[in-house]
Amino acid sequence: MNGPLLKVENLTKHYPLGAGFLKKTIPVIRAVEDVSFSVEAGETLCIVGESGCGKSTVARLLMRLVEPTGGRVLIDGTDIAGLKKDSLHAWRRRMQMVFQDPYSSLNPRLTAEKIITEPVENFERLSRKQRQALAADLLRKVGMSPEMMHRFPSELSGGQRQRLGIARALALQPSIIIADEAVSALDVSVQAQILNLLLDLQQQMGIAFVFISHDLGVVEHIAHRVAVMYLGRIVELAPCEALFAKPVHPYTEALIAAAPVPDPTRVRLEAPVAGEVPSPINPPSGCAFHPRCPLGVERCRIEVPPLVPMADGRVVACHVRAQAIELQGQSAAAGNSLATTVSAITWNR
Ligand code: ADP
Ligand code: MG
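Note on numbering: residues in each chain are counted from 1, in written sequence order. Ligands are numbered from 1 and chains lettered from A, in the order in which they are written. It should be noted that, the model being predicted, local features are given only for residues of pLDDT at least 70 and side-chain atom pairs only at 80 or more, the latter also being counted only at that level, while totals for whole chains, interfaces and linings use all residues. Only heavy atoms go into the side-chain values, all of them from the structure, while hydrogens and water stay out.

Draft legend 1. Spatial organisation of the sheet that holds strand S4 (residues 70–75). Read across the open sheet, the 4 strands follow the order S2-S1-S4-S5; overall the sheet is antiparallel. Looking at strand neighbours, the two that pair on one side only are strand S2 (28–39) and strand S5 (78–79), the edges of this open sheet. Strand direction decides the pairing type here: strand S1 (residues 6–16) and S2, joined by 8 bridges, are antiparallel. Looking at the pairing, Lys 7 lines up with Ser 38 of S2. Only heavy atoms enter the contact rule, under which two residues are in contact if any of them lie within 4.5 Å. To get an axis, a line is fitted to the C-alpha atoms, and for a helix only the part in contact is used. The angle between two axes follows their N-to-C directions and goes from 0 to 180 degrees. What counts as a helix is a DSSP run of H or I of at least four residues, what counts as a strand is a run of E of at least two, and both are numbered from the N terminus. The strands touched by helix H1 (residues 55–62) are S1, S2 and S4; relative to S1, the strand with the most contacts, the crossing angle is about 115 degrees. What makes two strands pair is DSSP finding at least two bridges between them.

What follows is the structure, encoded as C-alpha cells:
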C-alpha cells in the first residue's frame with residue numbers, strides 16, 4: 001500500500017458562540033486551525049500542548065465525533081467524510097479510541113467480559129463460549145488474568161480499568177488507536193506500566209497511535225514524532241529525538257524547558273513562557289505566540305508564519321527561526337547537513 005495510513009489535511013474546527021442573532025458575524029472559538037499531519041502504519045505520533053490548545057478537538061475530529069468546519073481526514077487515501085454506511089463500518093473497525101478517564105468511559109453496570117467484547121458484538125453475534133474466549137484472549141493481551149472478566153469496573157484499580165479500555169479498543173484489531181490523555185489520570189508507576197503495554201502491543205501488532213498528552217515526559221518515552229500545538233495550530237512537528245535535543249520553535253523550547261525532568265543534570269527553567277495563553281475566541285494577529293515570544297519582531301504581529309520544512313524532517317512555523325536557519329544554510333558550505341546548521345545557531349533566551 002502506498003501513502004500514509006492516516007492523513008489529515010487543513011483540519012479546522014470553529015465552535016460558534018451563541019446564535020449571533022441580528023449580528024453579521026457570529027463570534028467563534030477557533031479550537032483547531034488548519035492542522036495537517038500524517039501517520040504511518042505502526043508509528044506513534046504524539047500531540048502535545050497546554051490545556052485548551054485543541055488536542056481533544058483534533059481527536060474528536062479524527063474519530064468523526066464532531067464534524068470539521070474545514071479540511072479532510074483520510075484513511076488509506078479515503079476521505080472518511082464521504083463514506084457511506086458499509087465503508088463507514090469498515091472504517092470504524094480500523095480506528096479506535098482510548099479515553100483519559102476509564103471510569104466514565106466504561107459502563108459501570110457491565111462486566112469486563114461484556115465491556116471488551118461489545119465492539120465485536122456490534123458487528124456480529126457471538127455465542128457465550130465465543131464471547132468468553134474472546135474476552136479471555138483480550139484480557140491476556142493487556143496483561144490481565146482471564147478471571148477478571150467477571151468483575152465490574154468498580155471492582156478494578158485505575159490501572160486495570162485503563163487496561164480494559166485498551167482491551168476494548170483492541171477488540172476489532174484496529175490499525176490505529178487514538179489515545180487522548182490515556183495515562184494522565186494514573187499514578188506515575190501505573191503510567192509506566194500502561195505505556196510499556198502500549199509499546200509492546202505496537203511491536204506485536206504494528207498498531208499506529210495518535211497519542212495526545214500534555215506531559216512531555218510521557219511523550220519523550222513513546223513518540224516517534226511529535227506535533228506541538230499552540231492555540232489550535234501546529235507550530236512544530238519533528239522526530240522525537242530531534243525535538244527534545246534541539247527544539248526550534250520558541251514555544252517548543254519553552255515547553256521543554258518548563259517540563260519537570262527526571263534527569264537532575266538537565267537544567268530546568270522556571271516559567272519560561274511569560275503571560276497567559278490568549279483566548280481562542282480572539283487569538284492574537286499574525287503568529288498567535290507573538291505576545292509571549294522572546295524573539296518576536298514586527299512581522300510576527302502581522303503575518304501568520306507558515307510551517308516551513310527543514311532538512312532534518314521537521315516543520316516549524318516561526319518567521320525568526322526560519323530566517324535564521326535559512327541565513328545559516330546559505331553561509332554554510334555546501335554539503336553541511338541541516339542538523340549542523342541548526343546547532344550552529346545561537347539560541348538566545
Ligand atoms: P485540549 O484538549 O488541548 O485541552 P480542547 O480541544 O478540549 O483542548 O479545546 C480547545 C478549545 O475549544 C478550548 O478553548 C475549548 O474551550 C473549546 N471547545 C472544545 N470543545 C468545545 C465545544 N464542544 N463547544 C465549544 N467550545 C469548545
Ligand atoms: Mg483535552
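Once the structure has been displayed, the description carries forward.
Draft legend 2. Here's a closer look at the nonpolar core. Formed by 65 residues in total, the largest nonpolar core has its most connected members in Leu 164, Ile 166, Phe 211 and Val 226. Ranked by residue count, the leading element in this core is helix H7 (residues 188–205), at 6 residues. Domains are outlined according to an automatic or database domain assignment. Residue-level mapping places this core at the junction of two domains, with at least three residues from each of domain 1 (6–230) and domain 2 (247–346). To form a nonpolar core, buried Ala, Val, Leu, Ile, Met, Phe, Trp, Tyr and Cys residues must be joined to one another through side-chain atoms within 4.5 Å. Classification of residues uses two cut-offs on accessible area relative to the type maximum, computed with a 1.4 Å probe and protein chains only: under 20% is buried, over 50% is exposed, and between them is partly exposed. Residues Val 32, Ile 178, Ile 212 and Leu 237 belong to the second largest nonpolar core, which totals 33 residues.

Draft legend 3. Fine view of the packing of helix H6 (residues 158–170) against H7. At a minimum axis distance of 10 Å, the contact between H6 and H7 shows a crossing angle of 20 degrees. When the axes of H6 and H7 are compared, the pair comes out roughly parallel. Note that H6 runs across H7; the crossing there is right-handed. Contacts between H6 and H7 involve Gly 159, Gln 162, Arg 163, Ile 166 and Leu 170 from the first element and Val 190, Gln 193, Ile 194, Leu 197, Leu 198, Leu 201 and Met 205 from the second. For classification, angles of less than 35 degrees are called roughly parallel, those exceeding 145 degrees roughly antiparallel, those between 65 and 115 degrees roughly perpendicular, and all remaining angles oblique. Should the near helix be turned anticlockwise from the far one by less than a right angle, the crossing is termed left-handed; should it be turned clockwise, right-handed.

Draft legend 4. Quick peek at the side chain of Gln 202. For Gln 202, the position within the fold is in helix H7. We classify Gln 202 as buried; its relative accessible area is 9%. Beyond its immediate chain neighbours, meaning those up to four positions away, Gln 202 contacts Gly 42, Glu 43, Thr 44, Ile 207, Ala 208, Phe 209 and His 224.

Draft legend 5. The pattern of salt bridges, seen in detail. In what follows, salt bridge is the name for a side-chain nitrogen of Lys or Arg lying within 4 Å of a carboxyl oxygen of Asp or Glu. Per the counting criterion, the structure on display carries 15 salt bridges. The salt bridge partner of Glu 236 is Arg 314, with a shortest N-O separation of 2.7 Å. Taken together, the residues span a long stretch of sequence, with Glu 236 in strand S10 (residues 233–239) and Arg 314 in the loop between strand S11 (308–309) and strand S12 (315–316) at a distance of 78 residues. For Glu 236, a relative accessible area of 0% translates into the label buried. Arg 314 gets classed as buried once you look at its relative accessible area, which sits at 2%. Put simply, Arg 301 and Glu 298 hold a salt bridge, and the shortest N to O gap is 2.8 Å. Residue Arg 301 and its partner Glu 298 are located together in helix H11 (residues 298–302), separated by 3 residues, close to a single helical turn. Note on Arg 301: relative accessible area 42%, which makes it partly exposed. In the salt-bridge network here, residues are joined through shared partners; they are Lys 7, Glu 9 and Arg 72.

Draft legend 6. Representation of the packing of aromatic side chains in the model. When the centres of two rings from Phe, Tyr and Trp lie within 6.5 Å, Trp using its six-membered ring, the rings pair. Their planes under 30 degrees apart give stacked, over 60 give edge-to-face, and anything left gives tilted. Under the counting rule described, the total for this entry stands at 3 aromatic pairs. Geometrically, the ring pair formed by Tyr 230 and Phe 289 is edge-to-face, given 5.1 Å between the ring centres and 80 degrees between the ring planes. Remark: Phe 289 occurs in the loop between helix H10 (250–258) and H11 and Tyr 230 occurs in strand S9 (residues 225–230); sequence separation between them is 59 residues. Residues Tyr 230 and Phe 289 agree in their burial class; the two are buried. A network of ring pairs unites the aromatic residues Tyr 230, Tyr 251 and Phe 289 as a single cluster. Just above the ring of Phe 123 sits the side chain of Arg 93; from NZ or CZ to the centre is 4.5 Å. Here, a charge over a ring means that NZ of Lys or CZ of Arg falls within 6 Å of the ring centre while also lying within 35 degrees of the ring normal.

Draft legend 7. Up close: the sheet that holds S9. Spatially, the 8 strands line up as an open sheet ordered S6-S7-S8-S3-S9-S10-S12-S11, and their pairing is mixed. Lying at the two open borders of the sheet, with one neighbouring strand each, are strand S6 (95–98) and S11. Direction of pairing for S9 relative to S10: antiparallel, over a ladder of 6 bridges. Residue pairing for S10: Val 226 is matched across the bridge by Ala 238. Contacts from helix H2 (residues 85–94) reach S6 and strand S7 (176–180) within the one sheet, and its direction differs from that of S6 by about 50 degrees. Sitting on the sheet, H6 is in contact with S6 and S7, with an inclination near 170 degrees to S6.

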